[in-house]
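# Results of the structural survey
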Amino acid sequence: MTERLPLFPLSSALFPGLVLPLNVFEERYRALVRDLLALPGAAPRRFAVVAIRNGQEVAPTGQEGRVRGAAAGLGDDPVEALFEYGCVADATGIAERGEDGYELVATGLSRFRLLSVDASGEYLTAEVEPVPEEAGSGAGALVPEVVRAFTAYQKRLAGASERTLSAQEFPDDPGVLSYLVAAAVVAETPVKQQFLETPDTASRLTAELRLLRRETALIEKLPSLPAVDFTNQPMSAN
């Protein structure tokens, strides 16, 4: 069953269960946020998040170029400019910043496939089709392997001076773990998008395990890579 939702094009993918803080500056997205705030108190403030293949519309808090115009970012055909799969999000926190716009916390809920985009209103809206999450074969058995691989990866990347996650801090649920790792790995948007589009949890964990092992081996050969503080990555599971 399809539905139509307000659309936030972003420079990166959002994953179910993960949170992403956003700065909203451009007028069309201020209008979207105002409409979310105008909903009744008990109503869900949901919208669709999808990554842009090239360019940037609304960026996570703290990044340069936080908002770009839709025409500049998406061109004449928004559907062609966007990836096919995205994530339904809930505005779990909205704070007004006067003339500077809004600060918004987006919490990922579930995946969708993008069917169409309507640019005729104050802001973009999208017709989306839900994409169910399938476990796949052997997802549970992959959890300890992925945890070990990610632990080795973060230690190599972060360096001994930075705090890294212990095995006890990782979720036991294979699906939650798969999205947590997808959000946390240092990778370009197309790579993260592939994780979002992977049809089932087992296949996603398998692909992540392969990536983690390869990247860890590369980092071992390039010890001069800058340290990354994993405690500051947008990887909080809901």
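In case you missed it, the structure is sitting above this.
### Some words on the overall build of the protein chain
On a plain count of helices and strands, the protein chain comes out with seven helices and six strands. Helices and strands appear in the protein chain in the N-to-C order β-β-α-β-α-α-β-β-β-α-α-α-α. Counting all 238 residues of the protein chain, 47% fall into the buried class. Long-range pairs, those at least 24 residues apart, make up 73% of the contacts in the protein chain between residues at least 6 apart in sequence.

### Concerning the side chain of Arg204
Structurally, Arg204 is set in helix H7 (residues 201–221). Judged by its relative accessible area of 0%, Arg204 is buried.

### A look at the packing of helix H5 (residues 174–184) against helix H6 (residues 189–197)
Here H5 crosses H6 at 170°, and the two axes come no closer than 9 Å. With respect to H6, the element H5 is oriented roughly antiparallel. Of the residues in H6, those touching H5 at Tyr179, Ala182, Ala183 and Ala184 are Lys192, Phe195 and Leu196. In terms of residue class, the contact of H5 with H6 is made up of six nonpolar, no polar and one charged.

### Thoughts on the pairing of strand S1 (residues 3–10)
The buried fraction of S1 is high, at six of eight residues. Where S1 and strand S3 (residues 46–51) come together, four bridges link them in parallel fashion. Within S3, the residue paired with Pro9 across the bridge is Val50.

### Brief notes about the nonpolar core
Among the nonpolar cores identified, the biggest contains 33 residues, and Leu7, Phe8, Phe47 and Leu104 are the most heavily contacted of them. At the level of elements, S1, strand S2 (19–24), helix H1 (27–37), S3, strand S4 (85–96), strand S5 (102–118) and strand S6 (125–131) are the ones that each hand at least two residues to this core. When residues in this core are grouped by element, the largest group, six residues, is from S5. One finds Ala13, Phe15, Val143 and Leu196 within the second-largest nonpolar core, a separate group that totals 30 residues.

Criteria and thresholds
Residues numbered from 1 in each chain as written. Predicted model: local features only at pLDDT ≥ 70, side-chain atom pairs only at ≥ 80, totals over all residues. Heavy atoms only, no water. Helix = DSSP H or I, 4+ residues; strand = E, 2+ residues; numbered from the N terminus. Buried < 20%, exposed > 50% of the residue type's maximum accessible area, 1.4 Å probe, protein only. Contact = heavy atoms within 4.5 Å. Axes fitted to C-alpha atoms, helices over the stretch in contact; angles between N-to-C directions. Parallel < 35°, antiparallel > 145°, perpendicular 65-115°, else oblique. Nonpolar A, V, L, I, M, F, W, Y, C, P; charged D, E, K, R; others polar. Pairing = 2+ DSSP bridges. Core = buried A, V, L, I, M, F, W, Y, C linked by side-chain atoms within 4.5 Å.

In short, geometric facts, not functional conclusions.
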